[in-house]
Amino acid sequence: MRHTAAHTRVVYTDCTLCYHSCGCKVTVENGRAVAVEGLESHPLNRGRLCPRGEAVLENVYHPDRILTPLKRTNGGLQEISWEQALDEIAARLDRLRREFGPEVLAMFSGSIGVENLEMAGLAQRFKAAFGSPNFFSVESVCYRMRIRARQITFGKYPTEELDSELYILWGHNPDASDFPLKLAIDRNLDRGAKLVIIDPRRIPLADRADLYLRIRPGSDAAMALAMIHEIVANELYDRRFVEAFAIGFDRLVEHVRPFTPEWAEEITWVPAAKIRELARWMARTKGASIYQGTCTQDQTAAGVQASRAFSVLQVITGNINVPGGWVISPRPRFGNVGLGVSGDPLGSDEYPLFVDLWGRRSPYGVVTKVPEAVPDRLKAFYVVGGNPLVSMPDSNAFREAFRRLDLLVVHDLFLTETAREAHYVLPACSHLEKWGVAYTYNVCHCLPYMMLRKKCIEPLGGSRSEWWVFTQLARRLGLEEHFPWRTEEEFVRFELEPTGLTFDELLHEKPEGAFYGEKRYEMPPSLPTPSGKIEIYSEAMARAGADPLPVYLEPERSPLSAPSELRQRYPLILTTGHRDYYYTHSQFRGIKPLQAHSPEPHAEIGPETAARWALRDGDLAEIETDRGRVRMRVRVDPRVAEGVVFVPHGWEGEQNANLLTDARCREPIFGYPQMKALLCAVRKVG
Ligand SMILES: Nc1nc2c(c(=O)[nH]1)N[C@H]1C(S)=C(S)[C@@H](COP(=O)(O)OP(=O)(O)OC[C@H]3O[C@@H](n4cnc5c(=O)[nH]c(N)nc54)[C@H](O)[C@@H]3O)O[C@H]1N2
Ligand SMILES: Nc1nc2c(c(=O)[nH]1)N[C@H]1C(S)=C(S)[C@@H](COP(=O)(O)OP(=O)(O)OC[C@H]3O[C@@H](n4cnc5c(=O)[nH]c(N)nc54)[C@H](O)[C@@H]3O)O[C@H]1N2
Ligand code: SF4
Ligand SMILES: [Mo]
């Protein structure tokens, strides 16, 4: 912290407006944050902030922030005191616990939980202390699929480095979604790194790419298999690496024989020659890396298999633990906020591998199962830092389920669409108003970087942090022994304890943050898989009833697979949720400078598709699936693949993309929703 004028100080902290957690400097004058800039010394953003980060104070001081608890009554949402809100919520939870058992409580923590360790950790702790295994988060629609698929293969979770020799952006558009990677690509292209884009839209970076492949949504696993085929059939693989570190390669050789590039061309729309070219290129590059879209594969039918196929490609080309490839990096060990609980979360019977891998359990339930579980299995739903009514698939199913609940509590800064359905809304404070830990693991040479998130200003109005609310509720439910920390600072000290970096050190000596752990590229002698090796062939997959070697699975609803009646009714491919640079999911729609850049959503279609359906750029259109309809303007753009409709997510009301998606249309291994390749119809309105 640097003191300038008498009542002015500059606090080094992080931005949590998305999960990147860039470093920033907040100027505080007389207790009010007045300016924010990027922190030059932060290795991720190096002094820059994206437009959302620049607008953070407009969010923090936004006039629409909720500053008092609210209760739903016949006359709508009414302001009540914290005492009343906490007493009544605790009483209702207690009654449900006694009448039906504690597992009827479900917790939901949004994407802001990934970047807000305290929030997600405390939510998990609270439900476990209460006695429920049902914790849900965006992890069952986003990202955990890749972690699990890589753990299945490596026992560990190797990640892409920011600096690479060959960037293969596979369904990932850093211009919109990945500001730090965008900065890194700019730097590295200037020094000669190569770039490949695999995307059904010709994203801006494709103009600077060495190769652009326009793929059919949902068909990525087929292309990855054909690349493996090409590398294996032509003996282009890294024999030394494979022999030393992997098992199952011999079975892979047999397995991929039929998956020729010509076979894949039919499925993927990508010419066989281009698939060959990329495969060869990857095989001869050390420091090549597939940057898997952060949730793209996750939301396709073959997502787990595609993620496994990407792992296999990294392995057979010897691009594991080399600079620029995928690297197993050290992870900070935090104080264990989690708490054991008996019972399994919803979905673990149907999707066992999502919850349990070799006895290593993850705390997440399968969120697509929530609508059907209310009210028999779930009766109370507590949302902290999420907007599931807009962000989870099948908003109609979620809304109906929420209306069947005995209790819906939402802790948020704003009155979101989910909050408007709640029985109680609790005012949350922003990241500038509470203490926390920020860390990021894919910076320079895969070293994690850690920073203390500082409380820069006091909570606005009656807003309160997650630590405070859960502690208060725990007290009222006789669970105080599980929330022993007397202050939020004390809790963050506990989190930091095992890391070797203390609160005081990070506050006073290293306010800008510090690298954590040691850089090592050599392969460890043994990996924590049952065989101790990289498992190209996976017994764990076989035991869970899935193919032990990567396979392709056609999307459940596609022009090739769906019943003809459905295809006739919905002849176009629908992909949802490509990112908008100016918003994070459903957030920030009320911030004027951001609004000015992106005032409304657009469904993107190609010119031939537009002509065929008699649509012109700017026309208002209705997009329909068998689950529902949305209305938005179309943008006609030759950059997007013909026959595909791109609908952004995060917009509320009749523009909500998740009115189109289906909680029952799931990927078969982890139960993720298929949101990247569905079928739809488009027609002009008016
Ligand atoms: N500005 C902003 N940044 C964000 C977020 C945000 O809301 N706003 N959200 C954050 C979160 S939580 C996440 S998970 C990440 C998401 O990050 P990503 O999942 O990487 O999303 P995008 O960067 O939009 O890139 C997805 C690209 O995939 C393409 N695509 C669509 N379907 C397919 C397909 O089937 N196959 C292939 N190969 N490509 C396809 C789209 O055209 C799009 O260009 O972004 C994070 N960053
Ligand atoms: N169709 C479709 N749907 C998608 C996707 C897609 O690609 N297609 N992407 C999915 C993905 S990858 C993700 S990660 C999810 C995201 O899903 P969500 O996390 O549910 O979405 P957000 O709109 O970011 O909601 C975060 C909420 O947290 C609140 N908040 C912010 N900071 C704090 C805080 O400190 N404390 C508390 N208590 N609240 C806070 C914000 O005001 C906001 O309302 O959306 C998913 N939905
Ligand atoms: S990318 Fe933008 S919103 Fe995300 S942490 Fe960095 S500055 Fe904040
Ligand atoms: Mo996400």
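Residues numbered from 1 in each chain as written. Chains lettered and ligands numbered in written order. Predicted model: local features only at pLDDT ≥ 70, side-chain atom pairs only at ≥ 80, totals over all residues. Heavy atoms only, no water.

**Q** Help me understand the site of ligand 1, please; the structure alone is not making it clear to me.
**A** Taken together, the neighbourhood of ligand 1 is formed by 32 residues, with His 172, Ser 177, Asp 199, Asp 220 and Tyr 583 sitting nearest. The side chain of Ser 177 places a nitrogen or oxygen atom 2.6 Å from an oxygen atom of ligand 1. At a separation of 2.8 Å, an oxygen atom of ligand 1 approaches a polar backbone atom of Arg 579. Protein chains bury 98% of the 910 Å² of accessible surface belonging to ligand 1 in isolation. Of the residues that constitute the shell around ligand 1, the class distribution is 13 nonpolar, 12 polar and 7 charged. Inspection of the shell around ligand 1 shows a minimum of three residues originating in each of domain 2 (144-329 + 524-543) and domain 3 (564-684). (Near = heavy atom within 4 Å. Polar contact = N/O pair within 3.5 Å; in protein donor to acceptor, adjacent residues only side chain to side chain. Areas by Shrake-Rupley, 256 points an atom, 1.4 Å probe, with all protein chains shown as cover. Nonpolar A, V, L, I, M, F, W, Y, C, P; charged D, E, K, R; others polar. Domains from an automatic or database assignment.)

**Q** Help me understand the site of ligand 3, please; the structure alone is not making it clear to me.
**A** By nearness alone, every residue bordering ligand 3 is listed as Cys 15, Leu 17, Cys 18, His 20, Ser 21, Cys 22, Leu 49, Cys 50, Arg 52, Gly 53 and Phe 179. Comparing atom positions with the cavity grids shows ligand 3 to sit within the largest cavity. Its residues assigned to classes, the shell around ligand 3 shows 7 nonpolar, 3 polar and 1 charged. (1 Å grid on protein atoms, 1.4 Å probe; cavity = no way out; pocket = protein on both sides within 12 Å on 5 of 7 lines; lining within 4 Å. Sits in = over half its atoms within 2 Å of the grid points.)

**Q** Would you mind going over the domain arrangement of the chain with me for this structure?
**A** How big an interface is tends to be stated in terms of the accessible area lost upon association of its parts. Taken domain by domain, the chain comprises domain 1 (70-132 + 340-445 + 447-515), domain 2 (144-329 + 524-543) and domain 3 (564-684). Relative to domain 3, the C-alpha centre of domain 2 lies at a distance of 27 Å. Domain 2 puts 29 residues into the contact, and the matching count from domain 3 is 24 residues. Here domain 2 meets domain 3 over a buried area of about 2100 Å², counting both sides, of which 65% is carbon and sulfur. Among the residues of domain 2 in contact with domain 3, Arg 201, Pro 217 and Gln 299 are the three that bury the most area, contributing 29% of the side total. Connecting domain 2 to domain 3 are 2 salt bridges. Arg 201 is the partner of Glu 604 in a salt bridge, and the nearest nitrogen-oxygen pair spans 3.5 Å. At the boundary of domain 2 with domain 3, the tally comes to 8 residue pairs in polar contact (both at pLDDT 80 or more). Those elements that provide at least two residues to the side of domain 2 that touches domain 3 are helix H5 (144-154), helix H6 (174-177) and helix H13 (303-316). Of the residues forming the side of domain 2 that touches domain 3, the biggest block, 4 residues, is contributed by H5. (Contact = heavy atoms within 4.5 Å. Buried area = accessible area lost by both parts, 1.4 Å probe. Salt bridge = Lys/Arg side-chain N within 4 Å of Asp/Glu carboxyl O. Helix = DSSP H or I, 4+ residues; strand = E, 2+ residues; numbered from the N terminus.)

**Q** Mind showing me how you'd approach the pattern of salt bridges here?
**A** Opposite charge on two side chains makes pairing possible when the charged atoms of those side chains draw close. Applying the stated criterion across every chain yields a total of 56 salt bridges. The closest approach of N and O atoms between Asp 207 and Arg 639, which form a salt bridge, is 2.6 Å. Placement of Asp 207 in the loop between strand E11 (194-198) and strand E12 (211-213) and of Arg 639 in the loop between strand E28 (629-636) and strand E29 (644-647) is noted, with a sequence separation of 432 residues between them. Overall, the relative accessible area of 45% leaves Asp 207 in the partly exposed class. What makes Arg 639 partly exposed here is its relative accessible area of 28%. (Buried < 20%, exposed > 50% of the residue type's maximum accessible area, 1.4 Å probe, protein only.)

**Q** What is the right way to look at the packing of aromatic side chains in this model?
**A** Each aromatic ring pair is characterised by the separation of its centres together with the angle its planes make. Taken as a whole and judged by the stated rule, the model has 27 aromatic pairs. An angle of 85° between the planes, with centres 5.9 Å apart, marks the rings of Phe 354 and Tyr 672 as edge-to-face. Of this pair, Phe 354 sits in helix H14 (residues 352-355) while Tyr 672 sits in the loop between E29 and strand E30 (678-684), placing them 318 residues apart in sequence. The class for Phe 354 is buried, based on a relative accessible area of 0%. Taking the centre distance of 5.1 Å and the plane angle of 45° together, the rings of Trp 485 and Phe 494 count as tilted. Given the relative accessible area of 25%, Phe 494 is considered partly exposed. A cation over an aromatic ring shows up here: Arg 464 above the ring of Trp 468, its NZ or CZ 5.3 Å from the ring centre. (Phe/Tyr/Trp six-rings, centres within 6.5 Å; stacked < 30°, edge-to-face > 60°. Lys NZ or Arg CZ within 6 Å of the ring centre and 35° of its normal.)

**Q** Would you mind showing me how to read the sheet that holds strand E22 (residues 449-453) here?
**A** Sheet strands associate in pairs through backbone hydrogen bonding, adopting either a parallel or an antiparallel arrangement. The antiparallel open sheet is built from 3 strands, whose spatial order is E21-E22-E23. The open sheet has two edge strands with one neighbour each: strand E21 (436-440) and strand E23 (514-515). Across 2 bridges, the pairing between E22 and E23 is antiparallel. Looking at E23, one finds that Tyr 449 is bridged to Phe 515. (Pairing = 2+ DSSP bridges.)

**Q** Would you mind going over the sheet that holds strand E20 (residues 424-427) with me for this structure?
**A** Strand order in this open sheet of 7 strands is E6-E5-E20-E19-E18-E7-E8, and the pairing throughout is mixed. The sheet terminates laterally at strand E6 (76-79) and strand E8 (135-137), the two strands that pair on one side only. Going across the sheet, the axis of each strand differs from the next one's by a mean of 20°, ignoring polarity. Alignment of strand E18 (residues 380-384) against strand E19 (residues 407-412), held across 5 bridges, turns out to be parallel. Pairing of Val 383 across the sheet is with Val 410, part of E19. Strands strand E7 (105-109), E8 and E18 of the sheet are contacted by helix H4 (residues 117-130), whose axis makes an angle of about 175° with E7. (Axes fitted to C-alpha atoms, helices over the stretch in contact; angles between N-to-C directions.)

**Q** Sorry if this is basic, but what is going on with empty space enclosed by the protein here?
**A** Left-over empty space is what a probe sized like a water molecule reveals as it rolls over the atoms. Tallying each qualifying case throughout the model produces 4 cavities of 30 Å³ or more. Of the volumes computed, that of the largest cavity is approximately 90 Å³. Split into classes, the residues belonging to the lining of the largest cavity amount to 7 nonpolar, 3 polar and 1 charged. Of the volumes computed, that of the second largest cavity is approximately 50 Å³. (Points joined across faces, edges and corners; volume = space filled by probe spheres on them.)

**Q** What is the right way to look at the environment of Gly 532 in this model?
**A** Summarising the element assignment, Gly 532 is placed in the loop between E23 and strand E24 (534-535). Along the chain, Gly 532 and Leu 620 lie 88 residues apart, while their C-alpha atoms are 57 Å from each other. When near neighbours in sequence (up to four residues on either side) are disregarded, Gly 532 contacts Ser 526 and Leu 527.

**Q** Please clarify how the nonpolar core should be interpreted in this entry.
**A** Side chains of nonpolar character tend, in soluble globular proteins, to be buried together. By size, the foremost hydrophobic cluster in this structure holds 66 residues, and its most contacted members are Leu 93, Phe 126, Tyr 382, Phe 470 and Phe 670. Broken down by element, this core gets its largest block of residues, 7 residues, from helix H3 (residues 82-100). Non-local contacts of Phe 670, meaning those with residues more than four positions away in its chain, are made with Met 145, Arg 148, Ile 152, Val 304, Tyr 351, Leu 353, Phe 354 and Val 366. (Core = buried A, V, L, I, M, F, W, Y, C linked by side-chain atoms within 4.5 Å.)

**Q** Is there a simple way to explain the packing of helix H8 (residues 220-233) against H13 in this structure?
**A** What describes two packed helices is the angle between their axes and the distance between those same axes. Interhelical geometry of H8 versus H13 gives an angle of 25° and a closest axis separation of 9 Å. As far as their axial angle goes, H13 and H8 are roughly parallel. Crossing hand, H8 versus H13: left-handed. Along the contact surface, H8 presents Ala 221, Ala 224, Met 227, Ile 228, Ile 231 and Val 232, while H13 presents Ala 306, Ala 309, Phe 310, Val 312, Leu 313 and Ile 316. Here the contact of H8 with H13 is composed, by residue class, of 12 nonpolar, no polar and no charged. (Parallel < 35°, antiparallel > 145°, perpendicular 65-115°, else oblique. Left-handed = near helix turned anticlockwise from the far one by under 90°.)

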